[in-house]
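What follows is the residue order along each chain.
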Amino acid sequence: MVQFTKQFEGQLVPEWKDAFVDYAQLKKDLKKIHLLTSGVEEEHTETSLIKTINSSLGKLSLFGNKERERPRAIKVHTKLASSVSNSDVYETELLETIADDTDAAKEFFMCLDTQLNKVNQFYKTKEKEFLERGECLKKQMEILIEVKDAFNQKQANGEPTQESKKDDSISCTISSEEDSIKSRTEETELQEYCLEDLDNNGKEALESPRSEESIIINNEDSKLRTVSGRVFSCQGRNLNIKIPLTNPSRKFSAISYFIKEDLINQSSSKRRGPDGVNKLRISKKTLNHAEKMIKGALTELYKGLNYLKTYRNLNMLAFMNILKKFDKVTGKQILPIYLKVVESSYFNSSDKVINLSDEVEEWFIKHFTGENRRKAMKYLKPHHRKESHSVTFFIGLFTGGFVALLAGYIIVAHLTGMYRKQSEKTVYMETAYPVLSMFGLLFLHLFLYGCNIFMWRKARINYSFIFELGSENELKFRDVFLICTASMSVIVGVMFVHLLLLAKGYSFGQVQVIPGLLLLVFFLTLIFPLNIFYKSSRYRLISVIRNIVFSPLYKVVMLDFFMADQLCSQVPMLRNLEYIACYYITGSYATQDYGYCMRVKYYRDLAYAVSFLPYYWRAMQCARRWFDEGETSHLVNLGKYVSAMLAAGTKVAYEKEGSIGWLCLVVVMSSIATVYQLYWDFVKDWGLLQHNSNNPWLRNQLMLRQKSIYYFSMVLNIVLRLAWLQTVLHSSFEHVNYRVTGLFLAALEVIRRGHWNFYRLENEHLNNAGNFRAVKTVPLPFREVDEED
């Protein structure tokens, strides 16, 4: 039973969590019955012999061939709740005493009926929603097929002239209006309500390749001019095409397309075709975008149907398991009676979801993969990579190599005195050491992320669902550990060789290029185009970083702002990266002038700006979420990052000026920011400090059994949040370079963030704190327009 509980909690959809069977409550009610029936076990044992003799005599009687039916312990009544909902409601009647306390049994069956009714109602609602999506997508597919067929037919019948090669077209007429500001306003309104029944949290359609081919639509009145949202008649249908501008590249391409379209239409208004009809161009790229939007919508629909199948199967298993346990506790045969009702209920008997899922597969196979079922199923239902024992072997191999190389590096560094405070080898600490510390912080963070994945799996937190990771770009914790150990082995090995060369008397000018080459190799590996070294994961990381850098132009998803929060803890790493880039780009490594980047005002100001960037990006993401969702909580969250930027600014000014006034301002601003951040950590991100909770000052639902872990984590988070006090106290280790001290404090912040990650995902898994949807609604491109429109 414990195994099923883990399976049940691990596979449920977080957004639908409340709609699943409340298995925990049913177990509590059953436990009450168990405690009450344990006192009557002796009486049951005494009467069991008499019942056995009576049943044997009944079988040997003259009427033994007509075995009497065993009296039923319960009877489940079915009635219609209301004419509006049109759904059955189940009520169980007890026909005999099941437990010593009848009220406990009634309470159990009342809860069981409530869960069955809830599951039926939710399933019916979701089924209706997905069927409506399926019907809408079917119409979209029909329109797309008609338009593509018309285009292909025109290409097949076109004359082999240069003009026809340049301008492939289909003959369609435009439902046009006056070419004025009013007409453009009306077209904009048409675009706004063409998806009125759909949510605009759509999945970005992939950019299609550029094509010079275009569809030219004959316009009898030559008066309608739009890019997307144009209304045209094709194959007897009045249609509207809308490609939503969901990202900056599409916005910029749309602006350029507007200009190009205006120029083409102005020229076409001066010259008419042989039939006296003007031609209006619609790019084939728009049609490709429409096709990819429908493809994405089919994928989301198929994913939602699979979620609904999982919902049905898990709930069916929950009813079976709780009824088996009930029979075991009470000694009654309730399972066959009630399970028959469950099996005949709507959520288990309806086959509409299965049929629609099969139809989606057929559409996808026929129209998007060229009758290749295997290719279609890889896209619709990708399989997870199988874990290999070789990964574990190489983790151990690289870990051993890393430990050995790190030990050798530390010994050589100690013998040469590289890390001492008053060392003649200061140039090493100012040039090569930042490379090592930058990689160290980066891969420490990645290692902690691997630990987070391991803990999330142990706690049955569905992190891949929350982050919307597909099987092709999802990293297992072993993969993360392999990347960390292999990368750090290479980094420490190269730096060890670099240090040995310096110790043997080679000049800095001869070997200083080695750290720069190491950084360049890792950058090239990140963007390497071949399908090796976890290409899909690398490119997904690049796309997430792009979304963060260009905030708030991109719609914010869970993975984007989660990664932006990680960058807020990597400010020292970003400052090291900026310093190293300046050091090598300006050629300072050749002259050994490591102080150049700190003397030049331009680079010094850039270094200060880097300290603000992660908080700025995160604040812009909050602004975008407030713009999209309209919730004021996002503005309050934005204020947290503004306070962090102000605190960082006062610290930078204090480092520059060093006056008492700036020191007081640092204490005030940092204190305000710390209190703000701690409140948000505990109350919003972790969902703790609920005074009415069943668990004192925590929350009602906890994934970890030991409550003391949560209290300890809150105290640890407070302590690590106060690392900024080092700026005030000027604490440092004796005879240790300030860069080593800075690395230690930066590592503490990275550890705090890794610790924060676990509870943030736990709260998201339990309460859907980010209000993200299990199945996204993708905007659809085509809309049929009435004659009046």
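Residues numbered from 1 in each chain as written. Predicted model: local features only at pLDDT ≥ 70, side-chain atom pairs only at ≥ 80, totals over all residues. Heavy atoms only, no water.

A. Focus on a nonpolar patch on the surface. A contiguous nonpolar patch, built from V513, L517, L520, F523, L524, I527, Y539 and I542 and spanning about 660 Å² of accessible area, is present on the exposed surface. Counting residues per element, the nonpolar patch draws most heavily on helix α19 (residues 513–526), at 5 residues. Tracing the sequence through the fold places L520 in helix α19. Accessibility expressed as a relative area gives 43% for L520, which makes it partly exposed. (Patch = residues over 30% accessible without salt bridge, like charges linked within 9 Å, V, L, I, M, F, W, Y side chains within 5 Å. Areas by Shrake-Rupley, 256 points an atom, 1.4 Å probe, with all protein chains shown as cover. Salt bridge = Lys/Arg side-chain N within 4 Å of Asp/Glu carboxyl O. Helix = DSSP H or I, 4+ residues; strand = E, 2+ residues; numbered from the N terminus. Buried < 20%, exposed > 50% of the residue type's maximum accessible area, 1.4 Å probe, protein only.)

B. Representation of the nonpolar core within the structure. Counting 114 residues, the largest nonpolar core has I74, F109, Y338 and F467 as the members making the most contacts within it. Among the elements that line this core, the one with the most residues is helix α8 (residues 284–330), at 18 residues. Among residues more than four places away in sequence, those in contact with F109 are I74, T92, L94, I98, F326, I334 and Y338. Counting 36 residues, the second-largest nonpolar core is a separate cluster that includes F439, L441, M488 and M573. (Core = buried A, V, L, I, M, F, W, Y, C linked by side-chain atoms within 4.5 Å. Contact = heavy atoms within 4.5 Å.)

C. How the structure looks around the packing of aromatic side chains. All chains considered together, the criterion is met by 32 aromatic pairs. Their ring planes at 70° and their centres at 5.4 Å tell us that W16 and F122 sit as a pair that is edge-to-face. Note that W16 is positioned in the loop between α1 (2–11) and α2 (23–37) and F122 in helix α4 (residues 102–157), a separation of 106 residues in sequence. You can call W16 buried: its relative accessible area is 3%. Aromatic side chains F319 and F347 sit 6.3 Å apart centroid to centroid with 45° between the ring planes, which places their arrangement in the tilted category. Of this pair, F319 sits in helix α8 while F347 sits in helix α10 (residues 346–349); the two residues are 28 residues apart in sequence, bridging distant segments of the chain. Clustering of aromatic rings is evident, with ring pairs tying together W16, F20, F122, Y307 and Y311. The cationic tip of K124 hangs over the ring face of Y346; the distance from NZ or CZ to the ring centre is 5.0 Å. Seen from the ring of Y539, K535 lies directly overhead, with NZ or CZ sitting 5.4 Å from the centre. (Phe/Tyr/Trp six-rings, centres within 6.5 Å; stacked < 30°, edge-to-face > 60°. Lys NZ or Arg CZ within 6 Å of the ring centre and 35° of its normal.)

D. Representation of the side chain of N576 within the structure. Considering the arrangement of structural elements, one finds N576 in helix α22 (residues 571–585). A residue is classified by how much of its surface remains accessible, and N576, at 13% relative accessible area, is buried. The contact partners of N576, leaving out residues within four places of it in the chain, are P434, S437, M438 and R739.

E. Molecular detail of unusual backbone geometry. Backbone torsion omega between S551 and P552 reads 5°, so that peptide bond is classified as cis. By the secondary structure assignment, P552 is in the loop between α20 (535–549) and α21 (558–568). Although it is not a glycine, E371 adopts a positive phi angle of roughly 65°. With respect to the helices and strands, the residue E371 is situated in the loop between α11 (352–367) and α12 (373–380).

F. How the structure looks around a negative patch on the surface. On the surface, a cluster of negative charge is made up of E135, D358, E359 and E362. As for its placement among the helices and strands, E362 is situated in helix α11. With relative accessibility at 53%, the residue E362 sits in the exposed group. (Lys, Arg positive; Asp, Glu negative; His and termini not counted. Charge placed at Lys NZ, Arg CZ, Asp CG, Glu CD.)

G. Geometry of the state of the cysteines. All chains considered together, the criterion is met by 1 disulfide. What pairs with C582 in a disulfide is C597, and their sulfur atoms sit 1.9 Å apart. Handedness here is read from the sign of the S-S torsion; for C582 and C597, about -100°, the answer is left-handed. Here C582 is found in helix α22, whereas its partner C597 is found in helix α24 (residues 596–599), with 15 residues between them in sequence. For C582, a relative accessible area of 4% puts it in the buried group. No disulfide involves C484; its nearest neighbouring cysteine sulfur is the one of C451, lying 8.6 Å away. The class for C484 is buried, based on a relative accessible area of 5%. (Disulfide = S-S within 2.5 Å.)

H. Fine view of the environment of S611. The residue S611 is located in helix α25 (residues 601–629) in this model. Look at S611 and you get buried, because its relative accessible area is 5%. Put simply, S611 and L574 are 37 residues apart on the chain and 7.8 Å apart in space, counted from C-alpha to C-alpha.

I. Structural context of the pattern of salt bridges. Counted according to the given criterion, the structure contains 19 salt bridges. Of the charged contacts in the structure, one is a salt bridge between R624 and D628, with a shortest N-O distance of 2.8 Å. Note that R624 and D628 are positioned in helix α25 at a spacing of 4 residues, about one turn of the helix. For D681, the salt bridge is made with R721, and the minimal N-O distance between the two is 2.9 Å. Taken together, the positions of D681 in helix α27 (residues 660–685) and R721 in helix α28 (residues 707–721) put the pair 40 residues apart, joining distant regions of the chain. Exposure remark for R721: the relative accessible area of 13% places this residue in the buried category. Counted as one network, the salt bridges with shared partners bring together D681, R721, E749 and R752.

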